Amino acid sequence: MTGTIVVTGATGQLGQTLTRRWAEAPIAQFSFIALDRSALDLAEPDRMAAVLNELKPAVIVNAAAYTQVDKAESDSAAAYAVNDSAVAAMAAWAAHNGAKILHISTDFVFDGAGTSPYLPSQQPKPLGVYGASKLAGEKQLMSLAEDCSEDSSENCSAIIRTSWLYSEYGNNFLKTMLSLMAAREELAVVSDQLGSPTSTHSLAQLLFAMIQRGEYSGIYHWSDGASISWFEFAREIQRQALQKGLLAHEIPIRPITSSEYPTAAQRPAYSVLDRGRAQAQFDCPAQDWKQLLSAVLDKLVQG
């Protein structure tokens, strides 16, 4: 398979990672175009077809989304425009033009009542507007790809749910923690929400493997394999950052409950994702989440 790959959300964490890592990706038969919001604004889905008609991509990696979890509770129209209506327009164009979509979704489609890693086949039940809008977008995409099977990848698309995404780019939990640890004398971090951090670099590797193989359908889960709390993640960030000289001194980090840190949107208490299907189908080796964190911190050291 050849053609053009279009990545939406070029200035986001994943978009920047895909752009920077494209040169080393094993899929040189494709050309690569990353679109920022000025080139393709998902808040204006009516303009979607015009942009895609001009570029004629063979594969669309939809890395753009409305991700302001708390703001979505009071701005549902904006969340649904980007996470639902824009995906519907994108899926309709892809179905009509024989293109494939790799759509990035979220662990927030689950309610967190589980106690073991969520399988792609498990029933979603979002707690808030953000998760509900992302689930609505998933349904738009899958309704136009329901005839796909793993034996026939023609016009197939896939959803990749991921969790706790972080990188050296943009705003994320890792960079927020480093900033707070440098500025404060102590820190309190939620300890009763369990999930798995995901480096954009490991997610990018999966996406490149999927594009290279060219055969995918349905829903996949991807994370870096941990089952930890935000508190535990923060402690590991501090430990490694001190070793690498990103922090000058250690500060106390105190565990707190979600009720002690109220937010507009409720978070799932447990959102660990089972990545087994993606690992098996695309031969993606398990990597240790601490090593992946170390690699991102090294990039921050290098500036």
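Residues numbered from 1 in each chain as written. Predicted model: local features only at pLDDT ≥ 70, side-chain atom pairs only at ≥ 80, totals over all residues. Heavy atoms only, no water.

Some words on the overall build of the protein chain
Where we set the bar: A run of H or I in DSSP becomes a helix once it reaches four residues, and a run of E becomes a strand once it reaches two; helices and strands are each numbered from the N terminus. In this setup the radius of gyration rests on C-alpha atoms only. A globule is expected at 2.2 Å times the number of residues raised to 0.38. Under the scheme applied here, a residue whose accessible area is under 20% of the maximum for its type counts as buried, over 50% as exposed, and between as partly exposed, the area being computed with a 1.4 Å probe on protein chains only.
Scanning the protein chain for helices and strands turns up nine helices and twelve strands. Rg of the C-alpha trace for the protein chain: 19 Å, near the compact-globule value of 19 Å for 303 residues, within the 12% margin. Taken along the three principal axes of its C-alpha coordinates, the protein chain extends 55 × 40 × 35 Å. For the protein chain, with 303 residues in total, the buried portion stands at 52%.

Some details on the environment of L119
This is how it is decided: Residues count as neighbours in contact if any of their non-hydrogen atoms are within 4.5 Å of one another.
Checked against the element boundaries, L119 lands in the loop between β4 (100-106) and α4 (129-143). Relative accessible area serves as the criterion here: at 37%, L119 is assigned to the partly exposed category. Each C-alpha atom, one on L119 and one on H221, is 7.4 Å from the other, the two residues being 102 residues apart in sequence. Beyond its immediate sequence surroundings of up to four residues, L119 is in contact with F110, H221 and D274.

Let's talk about the confidence of the model for the protein chain
As a reminder, the rule being used: A residue's pLDDT is the predictor's confidence in that residue, given on a scale from 0 to 100.
Confidence in the prediction of the protein chain, expressed as mean pLDDT, is 93, and 96% of residues score 70 or more. A low-confidence stretch, residues 149-153 stays under pLDDT 50, and its non-local contacts, those more than four residues away or across chains, total nine contacts.

Points about the pattern of salt bridges
Selection criterion: What counts as a salt bridge is simple: a side-chain nitrogen of Lys or Arg found within 4 Å of a carboxyl oxygen of Asp or Glu.
Following the criterion strictly, the structure yields eight salt bridges and no others. Between D41 and R37 there is a salt bridge, and its shortest N-O distance comes to 3.4 Å. Linking R161 and E138 is a salt bridge whose minimum nitrogen-to-oxygen distance equals 2.7 Å. Of this pair, R161 sits in strand β5 (residues 158-162) while E138 sits in helix α4, and the two are 23 residues apart along the sequence. For the pair R161 and E138, one class covers both residues: buried.

Examining the sheet that holds β4
Inclusion rule: Strand pairing is assigned whenever DSSP identifies at least 2 bridges connecting the two strands. Note on definitions: angles span 0 to 180 degrees between N-to-C directions of axes, and those axes are lines fitted to C-alpha atoms, for helices only across the stretch in contact.
Read from one edge of the open sheet, six strands run β2-β1-β3-β4-β5-β10, paired in parallel fashion. Whereas interior strands pair on both sides, the edge strands pair on one side only; in this sheet they are β2 (30-35) and β10 (218-222). Averaged over all adjacent pairs, the angle separating strand axes in this sheet is 20°, with direction ignored. Bridge count for strand β1 (residues 3-8) against strand β3 (residues 59-62) is four bridges, and the pairing is parallel. Bridged to I5 within β3 is V59. Contacting β4, β5 and β10, α4 runs over the sheet at an angle of about 160° to β4.

Here we look at helix α6 (residues 200-213)
What counts here: Expected helix span is taken as 1.5 Å per residue step, with the number of steps being one fewer than the number of residues. Identification of polar contacts relies on pairs of N or O atoms within 3.5 Å, with a donor-acceptor requirement for protein atoms, meaning one able to donate a hydrogen and the other able to accept it, and with residues adjacent in sequence counted only if both atoms are side-chain atoms.
Here α6 is 14 residues long and its end C-alpha atoms lie 20 Å apart, about the 20 Å a rise of 1.5 Å per residue gives. Counting buried positions over the 14 residues of α6 gives eleven, a clear majority of the element. Listing the buried residues of α6 in full gives T200, H201, S202, L203, A204, L206, L207, F208, A209, M210 and I211. The opening residue of α6 is S199, an N-cap whose side-chain oxygen sits 3.0 Å from the backbone nitrogen of H201. A positive phi of about 80° marks G214, the residue just after α6.

A short note on unusual backbone geometry
In this model, K56 sits at a positive phi of 50°, which is unusual for a non-glycine residue. Assignment of secondary structure puts K56 in the loop between α2 (48-55) and β3. Even without being a glycine, D283 presents a positive backbone phi close to 50°. With respect to the element layout, D283 can be found in the loop between α8 (276-282) and α9 (289-302).

As for the packing of aromatic side chains
Here is the rule: Ring pairs shown here join Phe, Tyr and Trp side chains whose ring centres sit within 6.5 Å, with only the six-membered ring taken for Trp; geometry is labelled stacked below 30 degrees between planes, edge-to-face above 60, and tilted in between. Over a ring means this: the NZ of a Lys or the CZ of an Arg is within 6 Å of the ring centre and within 35 degrees of the ring normal.
For the structure on display, the rule yields eleven aromatic pairs. Site record: aromatic cluster; members linked through ring pairs are W164, Y166, F173, W230, F233 and W289. Note that K100 overlies the ring of Y216, its terminal NZ or CZ placed 5.1 Å from the centroid. Against the face of Y220 rests R277, its NZ or CZ located 4.0 Å from the ring centre.

Some thoughts on α2
Turn by turn, an α-helix covers 3.6 residues, leaving residues three or four places apart pointing in a common direction. Threshold: Along the arc lie the directions from the helix axis toward the C-beta atoms.
Burial in α2 covers these residues: M48, V51 and L52. Taken around the axis of α2, the buried residues stretch over an arc of 90°, which confines them to a single face. For α2, exposure combined with an orientation more than 90 degrees from the buried face picks out A50 and E54. The inward-facing, buried residues of α2 abut β2, β3 and α3 (76-97). Positioned one or two residues after α2, K56 has a phi angle of 50°, which is positive.

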